[in-house]
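A closer look at the structure
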Protein chains: 2
Amino acid sequence: MPATLIAFQGERGSFSEEATYKLLGRRVRVLPCETFAATFASVAQGRASYCLVPIENTLAGSVYENFDLLLSNRLHIVGEVSLRIVHNLIAMPGTKRKDVRQVYSHPVALAQCSRFFARNPQVERVTFYDTAGSVKMLAETHPPGAAAIASRIAAEVYHARILSAHLEDHRENYTRFFLLSKTARISRNANKVSIVFSTRNVPGALYKCLSVFALRDIDLTKMESRPLRGRPWEYFFYIDFLGNVHEDRCQKALAHLSEVANFLRVLGCYEGAKR
Amino acid sequence: MPATLIAFQGERGSFSEEATYKLLGRRVRVLPCETFAATFASVAQGRASYCLVPIENTLAGSVYENFDLLLSNRLHIVGEVSLRIVHNLIAMPGTKRKDVRQVYSHPVALAQCSRFFARNPQVERVTFYDTAGSVKMLAETHPPGAAAIASRIAAEVYHARILSAHLEDHRENYTRFFLLSKTARISRNANKVSIVFSTRNVPGALYKCLSVFALRDIDLTKMESRPLRGRPWEYFFYIDFLGNVHEDRCQKALAHLSEVANFLRVLGCYEGAKR
């Protein structure tokens, strides 16, 4: 039986690939996709079994595009993983730490390593379209004195070397990813539920929706809102809560919510990431 | 007395400039700034009296960076305006509608006019860093057969002509802007309040915070969350509600909220935009 194929956005060696291995182990095959929309489509159209997409970073906030894609594609959340983002200085074999004059990476990664650049004023930062893509470029063109900032998996994939680890300014830098599937499946250890709903446009509507959880002591872990296109200043609300849809109190909360909300969809029930 | 100076992000002729004139009339002077951070700083450091910054678009969602800047800068919201985003096809005098072969604009504006490009397959879309900046470029370099997509104010500023209006796919395309000042000031017609708070990390904390409004029939118009840096998976919540901080029920709601929240700041009390 061929190994399961997992799609993600970005080049081989991305943080999404590192998160894929953390969640599923190393026996899966991976399918890099150019955009998040193409990543969702690869699963919707059956080219990949699952995709793994970032949903939230503890410094940058939510990946809003993926909330919109969760609603417009009918995929199901079947797993979750949280990855500590460790930025590494990576170069091809032969380039020493003291030879480095240019460092290539995605602008967000460069910005997250500002202390490294302050300590090393002789090193120029060069923006590139992708973290892992900058290591790929080093492997292909071998520019002298060049290094990249990327994941440890990127070093492995492109046979490069990690010159130093933990270049990031903030240690509390985590990204949370969802594993998505075309078919709904609830694992035995599922302890978390994600939903999306819209409220009636009346005062106190959101409060009434949240009361269905509070009245049953159900713990919300995340709430996000996104615009309802075509209805200015109305919103979809995305909520994650602790529980399992087979539990009586969760079933009652969702039945109660469907009474007070305009629209409700369960996006998945899955085992939450260790925090 | 010199006219009041208003800072905004982007080139002269931006939608922010159009919104500035809608809110304050044409007798103000304007100060274009390169980034949102520089726009906030120009007011914090006293170079401009006010700045006008976009906070939310009905298709694209919140301008998340500006929520973060509201918290990290101590500016006060003193006004609000909502602008219908109308995309115009603009060219320099002498270029006729039938001669247009390339259209320059910001990628978001190009994406919002996809029907125009579908109806005009002979026209190539060319991405540029800014909508108004693309009209500025036409005025400076006069490339033959070129046009831009931008605001009507951009046509005026660069002495260009509007070849056709309403290129946008969705009519329900509005952007809401805040007017920010270094000093707090509450106008006589103030009927809206913006606050930011963080909750204690206990189950039902957000519900308790929202109850201070619901129990007093205070209507929330917007809620946004942003990560609390350094405290993974905790959040700041931004809320707009209808009322005036001098009203008894609003004062009681805010006093009640400060009992149940970890942190609370009033960002401003101002006259809400007509919707």
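On a predicted model such as this, the values are computed, not experimentally measured, just so you know.

Bringing the overall build of chain A into the picture now. In terms of regular secondary structure, chain A is built from nine helices and 15 strands. Seen along its three principal axes, the alpha-carbon backbone of chain A occupies a region of about 65 × 45 × 35 Å. Evaluated residue by residue, chain A yields a buried proportion of 45% over its 275 residues. A fraction of 73% describes how many contacts in chain A between residues 6 or more apart in sequence connect residues 24 or more apart.

Turning our attention to the interface of chain A and chain B. On the side of chain B, 28 residues touch chain A, which itself brings 28 residues to the contact. Of all the secondary-structure elements, those providing two or more residues to the side of chain A that touches chain B are α8 (205–214) and β13 (220–227) of chain A. Examining the composition of the side of chain A that touches chain B, we find that seven residues originate from one element, β13 of chain A, more than from any other. Residues belonging to the side of chain A that touches chain B are distributed by class as follows: 13 nonpolar, eight polar and seven charged.

A separate point is the relation of the copies chain A and chain B. With an axial shift of 0.0 Å and an RMSD of 0.0 Å, the rotation relating chain A to chain B amounts to 180°. Here the copies are linked by what is in effect a two-fold axis.

Moving on: unusual backbone geometry. Among all residues except glycine, the phi angle is most often negative; among peptide bonds, the trans geometry is most common. Backbone geometry at H142 of chain A places phi at a positive 45°, although glycine is not the residue there. Within the secondary structure, H142 of chain A is located in the loop between α6 (131–141) and β9 (146–150). Here D217 of chain B, not a glycine, exhibits a phi torsion of approximately 50°, which is positive. Within the secondary structure, D217 of chain B sits in the loop between α8 (205–214) and β13 (220–227). D217 of chain B gets classed as exposed once you count the C-beta atoms within 10 Å, which come to 9.

On to the sheet that holds strand β8 (residues 124–127) of chain B, then. Residue and element names in this part refer to chain B. Strand order in this open sheet of five strands is β8-β7-β9-β6-β10, and the pairing throughout is mixed. Since the sheet does not close on itself, it has two edges, and those belong to β8 and β10 (161–164), each with one partner. The mean angle between the axes of side-by-side strands here comes to 40°, regardless of whether they run parallel or antiparallel. Two elements, strand β6 (residues 88–91) and strand β9 (residues 146–150), share three bridges in a ladder whose sense is antiparallel. The residue of β9 that forms the bridge with L89 is I149. Seen against the sheet, helix α6 (residues 131–141) touches β6, β7 (102–105) and β9 and runs at an angle of roughly 150° to β9.

Now for the sheet that holds β9 of chain A. Residues and elements named next belong to chain A. Sheet architecture is open: five strands sit in the order β8-β7-β9-β6-β10, paired in mixed fashion. Of all the strands in the sheet, the pair left with one neighbour each is β8 (124–127) and β10 (161–164). Neighbour-to-neighbour, the strand axes of this sheet turn through a mean angle of 40°, independent of strand direction. Contacting β6 (88–91), β7 (102–105) and β9, α6 runs over the sheet at an angle of about 150° to β9.

Residue and element names in this part refer to chain A. In terms of domain boundaries, chain A breaks down into domain 1 (5–84 + 173–181), domain 2 (88–164) and domain 3 (192–270). Of note, the centres of domain 1 and domain 3, computed from C-alpha atoms alone, are 23 Å apart. With 11 residues of domain 1 in contact, the opposing surface of domain 3 contributes 10 residues. The set of elements that each furnish at least two residues to the side of domain 1 that touches domain 3 consists of α3 (64–72) and β5 (76–84). Across the side of domain 1 that touches domain 3, the residue classes break down as six nonpolar, three polar and two charged.

Next up on the list: the environment of A190 of chain A. Residue and element names in this part refer to chain A. Examined against the element boundaries, A190 turns out to sit in the loop between β11 (174–181) and β12 (192–199). A count of 20 C-beta atoms within 10 Å places A190 in the buried class. As for A190 and L267, which are separated by 77 residues in sequence, their C-alpha atoms are 13 Å apart.

Bringing the packing of helix α2 (residues 36–44) of chain A against α3 of chain A into the picture now. Any two packed helices are characterised by how steeply their axes cross, that is the angle between the axes, and by the distance between the axes. Residues and elements named next belong to chain A. Look at α2 against α3: their axes get within 10 Å of each other, and the N-to-C directions meet at 30°. By the angle class used here, α2 and α3 are roughly parallel. Seen along the crossing, α2 lies across α3 with a hand that is right-handed. Note on element contacts: α3 touches α2 through E65, N66 and L69, opposite F36, A37 and F40. Looking at the contact of α2 with α3 residue by residue, the classes come out as four nonpolar, one polar and one charged.

A word on the nonpolar core. Ranked by size, the top nonpolar core spans 96 residues in total, and within it C51, L52 and L180 of chain A together with C51, L52 and L180 of chain B carry the most contacts. When sequence neighbours within four positions are dropped, the list of residues in contact with C51 of chain B reads I6, A7, F8, T39, F40, S42, V43 and L180 of chain B. Core analysis: the second largest hydrophobic core is formed by 27 residues, A91, V100, F116 and L167 of chain A among them.

Residue and element names in this part refer to chain B. Axis separation between α8 and helix α9 (residues 248–260) bottoms out at 9 Å; the angle between their running directions is 170°. Between α8 and α9, the interaxial angle falls into the category roughly antiparallel. Residue-level inspection shows K208, C209, V212 and F213 of α8 in contact with α9, the latter providing A253, H256, L257 and V260. Of the residues in the contact of α8 with α9, the class split is six nonpolar, one polar and one charged.

Attention now moves to helix α9 (residues 248–260) of chain A. Residue and element names in this part refer to chain A. For α9, spanning 13 residues, the distance from its first C-alpha to its last is 19 Å, which sits close to the expected 18 Å at 1.5 Å a residue. The set of residues buried in α9 consists of C250, A253 and L254. Buried residues along α9 cover an arc of 95° about the axis, so they all sit on one side. Residues of α9 that are exposed and point over 90 degrees away from its buried face: D248, A255 and E259. Buried-residue contacts for α9 involve β12, α8 and β15 (261–270).

Scoring rules and cut-offs
- Residues numbered from 1 in each chain as written.
- Chains lettered and ligands numbered in written order.
- Predicted model: local features only at pLDDT ≥ 70, side-chain atom pairs only at ≥ 80, totals over all residues.
- Helix = DSSP H or I, 4+ residues; strand = E, 2+ residues; numbered from the N terminus.
- Buried ≥ 20, exposed ≤ 12 C-beta atoms within 10 Å, placed from the backbone.
- Contact = placed C-beta atoms within 7 Å.
- Nonpolar A, V, L, I, M, F, W, Y, C, P; charged D, E, K, R; others polar.
- Least-squares fit on C-alpha atoms with pLDDT ≥ 70 in both.
- Pairing = 2+ DSSP bridges.
- Axes fitted to C-alpha atoms, helices over the stretch in contact; angles between N-to-C directions.
- Domains from an automatic or database assignment.
- Parallel < 35°, antiparallel > 145°, perpendicular 65-115°, else oblique.
- Left-handed = near helix turned anticlockwise from the far one by under 90°.
- Core = buried A, V, L, I, M, F, W, Y, C linked by C-beta atoms within 7 Å.
- Expected span 1.5 Å × (residues − 1).
- Arc of directions from axis to C-beta.

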